[in-house]
Amino acid sequence: MAESGSQPRYHFIIFGASGFTGRFVLEEVARCAGEAREELRWAAAGRSRARLETALTQAAEALGKPELKTEVDIIVADVDDPESLAEMCKQAVIVLNCVGPYRFYGEPVVKACVENGAHCIDISGEPQFLESMQLNYDSQAAEKGVYVVGSCGFDSIPGGCIHDGTWQSAVYGLADSDKLRSLRKKFSHKPLPVVGTRIKRRCALFYSDEIQQYAVPFMGADPSVVKRTQRFLSEEHQESPVQYGAYAGVGGVSSVMKLLFAGLMFFLLVKFSFGRKLLIKFPEFFSFGFFSKEGPTRKQMEGSSFRFAFYGEGYTEGQDPSQGKPNAKIRTLVQGPEAGYVATPIAMVQAAITILNEPDSLPEKGGVYTPGAAFAKTTLIDRLNKHGIQFSVL
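Since the structure is predicted, the reported quantities are computational estimates derived from the model, not experimental observations.

A. Spotlight on the overall build of the protein chain. In terms of regular secondary structure, the protein chain is built from 17 helices and 15 strands. Taking 2.2 N^0.38 as the reference for a compact globule, 394 residues should give roughly 21 Å; the C-alpha atoms of the protein chain span a radius of gyration of 21 Å, in line with that estimate. In terms of overall dimensions, the protein chain has C-alpha extents of about 60 × 50 × 40 Å along its principal axes. Taking all 394 residues of the protein chain together, the buried fraction comes to 47%. A separation threshold of at least 6 residues defines the contact pool for the protein chain, and within that pool the share at least 24 residues apart is 77%. Per element, the accessible surface of the protein chain, about 20,500 Å² overall, is 52% carbon and sulfur. Each charge sign in the protein chain was given a centre, from 43 positive and 44 negative side chains, and these centres are 7 Å apart.

B. Seen up close, the state of the cysteines. Enumeration over the complete set of coordinates arrives at zero disulfides. In this model Cys 120 remains outside any disulfide bridge; the closest cysteine sulfur is found in Cys 113, 4.0 Å from its own. The cysteine Cys 152 is free of any disulfide, with Cys 120 supplying the nearest cysteine sulfur at 9.2 Å. For Cys 152, a relative accessible area of 5% gives the class buried.

C. Highlighting the packing of helix α1 (residues 20-32) against helix α15 (residues 339-357). For the pair α1 and α15, interaxial distance at closest approach is 9 Å and the crossing angle is 55°. As summarised for this structure, α1 and α15 are arranged oblique, according to the angle between their axes. In this structure, α1 meets α15 at a crossing whose hand is right-handed. Taking contact as the criterion, the partners of Phe 20, Thr 21, Phe 24, Val 25, Glu 28, Val 29 and Cys 32 in α1 are, on α15, Tyr 341, Pro 345, Ile 346, Met 348, Val 349, Gln 350 and Ile 353. Residues that form the contact of α1 with α15 fall into these classes: eleven nonpolar, two polar and one charged.

Each value, and the rule that gives it
Counting from 1, residues in each chain are numbered in the order their sequence is written. Thresholds applied to this predicted model are a pLDDT of at least 70 for local features of residues and 80 or more for the giving and counting of side-chain atom pairs; totals over whole chains, interfaces and linings are not thresholded and use all residues. Only hydrogens and water are removed before side-chain values are computed, so all heavy atoms of the structure are retained for them. Elements are defined by DSSP. Helices are runs of H or I of four residues or more, strands are runs of E of two residues or more, and each kind is numbered from the N terminus. In this setup the radius of gyration rests on C-alpha atoms only. A globule is expected at 2.2 Å times the number of residues raised to 0.38. For every residue, the accessible area (1.4 Å probe, protein chains only) is compared with the maximum for its type, and the residue is labelled buried under 20%, exposed over 50%, or partly exposed between those bounds. Residue contacts are counted whenever heavy atoms from the two residues lie within 4.5 Å of one another. Throughout, the Shrake-Rupley method with a 1.4 Å probe supplies accessible areas, and for residues the shown protein chains are the sole cover considered. The charge count treats Lys and Arg as positive and Asp and Glu as negative. His and the chain ends do not count. Here the site of a charge means NZ on Lys, CZ on Arg, CG on Asp, or CD on Glu. Criterion for a disulfide: a pair of cysteine sulfur atoms at a distance within 2.5 Å. Note on geometry: axes are C-alpha line fits, over the in-contact stretch for helices, and angles between N-to-C directions span 0 to 180 degrees. Oblique is the label for every angle not falling under 35 degrees (roughly parallel), over 145 degrees (roughly antiparallel), or within 65 to 115 degrees (roughly perpendicular). Helix crossings fall into two classes, left-handed where the near helix is turned counterclockwise from the far one by less than a right angle and right-handed where it is turned clockwise. Under this grouping Gly is polar, as are all residues other than the nonpolar Ala, Val, Leu, Ile, Met, Phe, Trp, Tyr, Cys and Pro and the charged Asp, Glu, Lys and Arg.

This is a description of form; function is not addressed.
Structure below.
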């Protein structure tokens, strides 16, 4: 962070702490406060003091920490009030931004953080927002010594049920897909070099021998985030970029039929204003219950978990990639508790603690980064393992 005459009052400010996801991030910060290198000073921020007080009271009861009701400061700030955002950011080392959909509410927070010297992390799964922040703020963040790191959580991974904020992001993201293509042209990136055999792209629907079920291309932010990471590693560290494809298992034939019906209906409705209004108004109906305005209950979260499998092919040391097909395989598993509101707060808070505790392990200059670029040389993976998000190589 840029040098200033006085140190910020708080290490962390959770912006949107009274929202559905923000409440769980607030609880996770309270659990992990002792992991900072010094006594953690933190505050809860949002547009309603009353709702923030309620969130702190609920967290105090859930965690058995009555002191949260009196010892955690409250900051009133609103994305529609730039002065309030600036005042908030001046008081923070790191702002944990939980206010989404980010395509509507994210940029004012990033702007305020960069201009006022606060690092900023979010849990966005919206490629258009993430890439536009890199285009618009990377240079200014570098000049200020500010780290802006998006996607420090999970994109929409079904557990028992998902809050409709993620549903809204998906609706508007697909509707604006043409704008995303136009945005990417502004970067004027050269194609990344391809090392070895070019990866085969799978069909829109196929049977996966790896997971023994039907699968479809994953529609979230993962491919965008991974490609940005690979570009950073290639251009800044001269590492060979990997080729990457993301797919989601959907189950057997009956699940495929439901998916085809829901997908067709979704694609038709999302292209028109009245259709988007219907999708936003009735998330449970159009998502077969996966999304709701209430979000999952704590009981549903306790009964949910996630599992990611990564299958890689490559070349052993000394093998020339230009001389044939890959001769080595690797499989990595990432698994943990409910992804959206248990694992996501864990990942977000551990990312913030990593920035706070390991500044010398971050990239040499500030900027707008992916987690893979920002945390490549840190102990973030070890931190996540200790908190129940397990990484294993088979």
